[in-house]
Amino acid sequence: MTKDIRDKSHISHEDIIELNFIRKPGAYVFRKYHKQGLRSQIMEMLDPDDVIKQNRGEIINGTLFFPWAIPLKMLRIFRTRFDSLTDVFEEIRKVKIIEKYLPSDSYAKSDEFIVDYIWNGNRDFILCGLQEYVAGEILNPWETTGINQLENFFAGISVNKHNTLGMATEQLVTRFQKRVENFIKSVKKMILEANYVPDFAGVENLLVTPGGNIKLVDINNISRVSFGSDISLDDKGYPVCDKSIEVISILEQKLLAKPIDKTETLYKIFLDPQRMKEVSVLEESFHRSLKLTVS
């Protein structure tokens, strides 16, 4: 009996090429991405020739190198079982909200598609996405990322000759801060006008790119924002809305080196001290339940 791909905790290249909607023989090699989302299986799509070079090596200027195969795309397979196509299109609509409000260079582009999925005589539709691969450094908002760390990061890019823009470290930092400022402004507009917020709370959901951009890579976890006193939870029981807005305030303070205005509508509601205490309790409860699930 073949297990439903959506229920597997770990999947491989073999699992992917056995799917009924994947062409055979396959034109790509699929490699497990180091991060597996709660809501989707994530696989890297690789050029077979790049995989051969990675495994066998190639000689460059008389030296044998084993270059890591860089993904062409990221394949996401949603774990969610949708009750109807209407629900699937609603999920896709939320991605379109990101495309509408955020700067085009601040999120990983993705082409969503719906496929007929057949396994063990069962039939269902399943949502997938082919997403842009983004190279960069993880921007963990919960760590002490500040101006000094940014300078070190961009200095490292210059040393390793990944700085294709030919900018000095200071210029890259300034460029990045301007992008962050525009990103935050766009996110706030999205929250206030569309009443949706992406998940910024995940450790690897935001990246700093070598070109000096901030990039949202988890574009498939978007939550409805409620401005009432009730603290909304996502389908996993995490207060993602409140925590994501907290992240926005952290980015302003750490990356832009500016104090936040607590009279601002969003911060007045979501950074209220009593509310944040209640959110902290809910967050701890979520992590405890997650540990029980894993164990």
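Basis of the calculations
Residues numbered from 1 in each chain as written. Predicted model: local features only at pLDDT ≥ 70, side-chain atom pairs only at ≥ 80, totals over all residues. Heavy atoms only, no water. Phe/Tyr/Trp six-rings, centres within 6.5 Å; stacked < 30°, edge-to-face > 60°. Helix = DSSP H or I, 4+ residues; strand = E, 2+ residues; numbered from the N terminus. Buried < 20%, exposed > 50% of the residue type's maximum accessible area, 1.4 Å probe, protein only. Lys NZ or Arg CZ within 6 Å of the ring centre and 35° of its normal. Contact = heavy atoms within 4.5 Å. Salt bridge = Lys/Arg side-chain N within 4 Å of Asp/Glu carboxyl O. Core = buried A, V, L, I, M, F, W, Y, C linked by side-chain atoms within 4.5 Å. Pairing = 2+ DSSP bridges. Axes fitted to C-alpha atoms, helices over the stretch in contact; angles between N-to-C directions. Patch = residues over 30% accessible without salt bridge, like charges linked within 9 Å, V, L, I, M, F, W, Y side chains within 5 Å. Areas by Shrake-Rupley, 256 points an atom, 1.4 Å probe, with all protein chains shown as cover. Parallel < 35°, antiparallel > 145°, perpendicular 65-115°, else oblique. Left-handed = near helix turned anticlockwise from the far one by under 90°. Nonpolar A, V, L, I, M, F, W, Y, C, P; charged D, E, K, R; others polar.

*Asks:* Can you explain the packing of aromatic side chains? Please cite residues and give values.
*Replies:* Within the structure shown, the criterion is met by 5 aromatic pairs. Centroid distance phenylalanine 183 to phenylalanine 200: 5.7 Å. Interplanar angle 70°. Geometry classified as edge-to-face. Of this pair, phenylalanine 183 sits in helix H5 (residues 169-194) while phenylalanine 200 sits in the loop between strand E9 (196-198) and strand E10 (206-208), and the two are 17 residues apart along the sequence. Phenylalanine 200 carries the same exposure label as phenylalanine 183, and that label is buried. Between phenylalanine 227 and phenylalanine 270, the aromatic rings sit 6.1 Å apart at their centres with planes inclined by 65°, giving edge-to-face as the arrangement. In this pair, phenylalanine 227 is assigned in the loop between strand E12 (222-224) and helix H6 (240-255) and phenylalanine 270 in helix H7 (residues 265-270), connecting sequence segments 43 residues apart. By the ring-pair criterion, three or more aromatic residues cluster together here, those being Phe21, Tyr117 and Trp119. Its guanidinium or amino end placed over the ring of tyrosine 107, lysine 109 lies 4.7 Å from that ring's centre, counting from NZ or CZ.

*Asks:* Tell me what's going on with the side chain of aspartate 124, and back it up with residues and numbers.
*Replies:* Here aspartate 124 shows up in strand E7 (residues 122-131). Residue class for aspartate 124 comes out buried when judged on its relative accessible area of 18%. Beyond its immediate stretch of four places on either side in the chain, aspartate 124 contacts Arg6, Val115, Asp116, Tyr117 and Trp119.

*Asks:* Could you give me a rundown of the pattern of salt bridges, with the residues and numbers involved?
*Replies:* By the definition in use, this model includes 20 salt bridges. Two residues, lysine 96 and glutamate 99, come together in a salt bridge whose shortest N-O distance is 3.5 Å. Here the residue lysine 96 and the residue glutamate 99 both occupy positions in helix H3 (residues 85-101), the gap between them amounting to 3 residues, near one helical turn. According to the relative accessible area criterion, lysine 96 is partly exposed, its value standing at 46%. Relative accessible area serves as the criterion here: at 29%, glutamate 99 is assigned to the partly exposed category. Taken together, the shared-partner salt bridges in this structure form one network comprising Asp4, Arg6, Asp7, Arg81 and Asp124.

*Asks:* I'd love a proper account of the nonpolar core, names of residues and values included.
*Replies:* The nonpolar side chains of soluble globular proteins are, as a tendency, buried together. In terms of nonpolar packing, the biggest core is built from 42 residues, with Phe176 and Phe200 touching the most fellow members. Looking at this core, the elements that each hand over two or more residues are H3, helix H4 (147-159), H5, E9, E10, strand E11 (214-216), H6 and H7. Among the nonpolar cores identified, the runner-up in size contains 15 residues, and Leu19, Met43, Met45 and Val115 belong to it.

*Asks:* Please give an account of the environment of serine 232 that cites residues and values.
*Replies:* If you trace the backbone, serine 232 turns up in the loop between E12 and H6. For the pair serine 232 and glycine 211, spaced 21 residues apart in the sequence, the C-alpha separation amounts to 36 Å.

*Asks:* Describe in detail the sheet that holds E10, supporting the description with residues and values.
*Replies:* Read from one edge to the other, the open sheet built from 3 strands follows the order E8-E10-E11, with strand pairing classed as antiparallel. Whereas interior strands pair on both sides, the edge strands pair on one side only; in this sheet they are strand E8 (137-138) and E11. Both E8 and E10 contribute to a ladder of 2 bridges, which runs antiparallel. Bridge assignment links glutamate 137 to a residue of E10, and that residue is valine 208. Packed on one face of the sheet, H5 meets E10 and E11 and runs near 40° to E11.

*Asks:* A description of a nonpolar patch on the surface should follow, citing residues and the corresponding values.
*Replies:* Residues Ile59, Leu64 and Phe66 make up a contiguous nonpolar surface patch of roughly 340 Å² in combined accessible area. Within the secondary structure, leucine 64 is located in strand E4 (residues 63-65).

*Asks:* Go over the sheet that holds strand E6 (residues 110-119), please, and point to the residues and values.
*Replies:* If you trace the 5 strands from one edge of the open sheet to the other, you get E1-E2-E5-E7-E6, paired in antiparallel fashion. Where the open sheet ends on each side, the last strands, each with one partner, are strand E1 (29-32) and E6. The sheet shows a mean angle of 30° between the axes of neighbouring strands, taken without regard to direction. As paired elements, E1 and strand E2 (residues 40-46) share 4 bridges and run antiparallel to each other.

*Asks:* Give me the packing of H3 against H5: which residues, what numbers.
*Replies:* Between H3 and H5, the shortest axis-to-axis distance is 9 Å and the interhelical angle comes to 130°. The orientation of H3 relative to H5 falls into the category oblique. In the crossing of H3 with H5, the sense of the turn from one axis to the other is right-handed. For the pair formed by H3 and H5, the contact residues are Ile97, Ile98 and Tyr101 on the first element and Ser186, Lys189, Met190, Glu193 and Ala194 on the second. Partitioned by chemical class, the residues of the contact of H3 with H5 number 5 nonpolar, 1 polar and 2 charged.

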